[in-house]
Amino acid sequence: MLRTNRSDCARRRRLDRSSGYGAGYGCEWVLIGNSREWVCRRASGRTLELAVGSGLNLRWYPGDVEVVAVDIDRERVEVAGERLHALGRAVRVAVADGQRLPFDGDSFDAVVCTLAICDVDDRAATMAEVYRVIRPGGELVLLDHFEKRWRHGRPATLGERVGFTLVERRRLWAGYFERVRLQKPIEGSPG
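Residues numbered from 1 in each chain as written. Predicted model: local features only at pLDDT ≥ 70, side-chain atom pairs only at ≥ 80, totals over all residues. Heavy atoms only, no water.

Draft legend 1. Geometry of the packing of aromatic side chains. Per the counting criterion, the structure on display carries 2 aromatic pairs. Where F103 meets F108, the ring centres are 5.0 Å apart and the plane angle is 90°; that geometry is what we call edge-to-face. The class for F103 is buried, based on a relative accessible area of 9%. Of the residues examined, F108 reaches a relative accessible area of 0% and is grouped as buried. Ring plane angle 85° and centroid distance 4.9 Å describe the contact between Y131 and F164, whose orientation is recorded as edge-to-face. (Phe/Tyr/Trp six-rings, centres within 6.5 Å; stacked < 30°, edge-to-face > 60°. Buried < 20%, exposed > 50% of the residue type's maximum accessible area, 1.4 Å probe, protein only.)

Draft legend 2. Here's a closer look at the sheet that holds strand β3 (residues 92-95). With mixed pairing, 7 strands are arranged side by side in an open sheet as β3-β2-β1-β4-β5-β7-β6. Among the strands making up the open sheet, the edge pair consists of β3 and β6 (165-172). Ignoring strand direction, the axes of neighbouring strands in this sheet form an average angle of 15°. Sheet topology note: the β6/strand β7 (residues 177-183) ladder contains 7 bridges and is antiparallel. Counterpart to L166 in the pairing with β7 is L182. Against the sheet, helix α4 (residues 74-87) makes contact with β2 (66-71) and β3, and its axis sits at roughly 170° relative to β3, the strand it touches most. Where helix α6 (residues 155-162) meets the sheet, it contacts β5 (134-145), β6 and β7, and its direction lies at approximately 15° from that of β7. (Pairing = 2+ DSSP bridges. Helix = DSSP H or I, 4+ residues; strand = E, 2+ residues; numbered from the N terminus. Axes fitted to C-alpha atoms, helices over the stretch in contact; angles between N-to-C directions. Contact = heavy atoms within 4.5 Å.)

Draft legend 3. Molecular detail of the nonpolar core. Counting residues in each nonpolar core, the largest one holds 23 residues, and the members touching the most others are L48, F103, V111, L140 and L142. Counting residues per element, the ones that place at least two in this core are β1 (46-50), β2, β4 (108-114), α5 (123-133), β5, α6 and β7. When sequence neighbours within four positions are dropped, the list of residues in contact with L48 reads V68, V70, L101, F103, F108, A110, V111, V112 and V133. Core analysis: the second largest hydrophobic core is formed by 21 residues, C40, Y61, L84 and L172 among them. (Core = buried A, V, L, I, M, F, W, Y, C linked by side-chain atoms within 4.5 Å.)

Draft legend 4. Region of interest: the environment of E75. Inspection of the secondary structure assignment puts E75 in helix α4. For E75, a relative accessible area of 28% corresponds to the partly exposed category. Taking the C-alpha atoms as reference points, E75 and S54, 21 residues apart in sequence, are found 8.3 Å from one another.

Draft legend 5. Inspection of the pattern of salt bridges at higher detail. Within the structure shown, the criterion is met by 11 salt bridges. In this structure, the salt-bridge partner of K184 is D106, at a minimum N-O distance of 2.9 Å. Placement of K184 in the segment after β7 and of D106 in the loop between β3 and β4 is noted, with a sequence separation of 78 residues between them. Taking relative accessible area as the criterion, K184 reaches 8% and is therefore assigned buried. The salt bridge partner of E139 is R181, with a shortest N-O separation of 2.8 Å. Taken together, the residues span a long stretch of sequence, with E139 in strand β5 and R181 in strand β7 at a distance of 42 residues. Of the two residues, E139 and R181, both sit in the buried class. Each of E139, E168 and R181 takes part in salt bridges that share partners, so that together they form one network. (Salt bridge = Lys/Arg side-chain N within 4 Å of Asp/Glu carboxyl O.)

If you want it as C-alpha cells, here you go:
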C-alpha cells in the first residue's frame with residue numbers, strides 16, 4: 001500500500017516529477033496527452049517495461065498483460081512496487097541496467113519504454129539489448145522526446161539500425177515528442 005506520511009508523499013511526488021514532464025500534475029497531459037496509455041495499451045503477452053521509474057505507466061496496462069518492470073534506480077523501483085501494491089497488480093519489479101538485461105533472448109512479446117531512452121548513455125547498446133530480449137514478431141513501443149543527441153538518430157532510427165521494422169510513428173508537438181511501434185522481424189520474413 002502506498003505510504004501516506006508526508007515525507008513519503010513528498011518523495012513519491014519528487015520521483016514522479018522526475019519520471020516525466022510533471023507527470024500526473026497537469027502539464028504532462030498538455031504536452032503528451034494520453035501517450036502513456038497509448039503505449040501501454042499496445043503491450044501484449046509477456047511485456048518488459050524498461051525504465052519503469054516510479055511506475056506512472058503501470059495503471060494503463062491491460063489486465064491480461066504479464067508485466068516485468070525494471071529500472072536502474074533502486075529508489076524508483078521501490079516506489080513502483082508500492083504503487084503496484086496499491087493497484088493490486090502482480091507485476092515483477094527489479095533493479096536492472098537496460099544495457100545488460102538479466103533475461104534470456106526472445107523472452108518478451110513486447111517491450112515498453114516511455115521518456116527514458118534519452119537518459120541512457122549508450123542508446124545503441126540498449127536498443128540492441130532490447131532487440132535481443134524480444135521474441136520474433138514482438139514489438140518495442142516507445143514514447144520519446146527530442147534532445148540534441150537525436151541528430152544522430154531518434155529511437156525509431158536506432159531501432160531500425162539494430163534490426164527492428166518500423167510499424168507506426170506519430171509525432172506530437174511538431175516532432176518534439178514521438179510515439180513509435182517497432183517490430184522484430186520473424187526469421188525468414190523481410191525486415
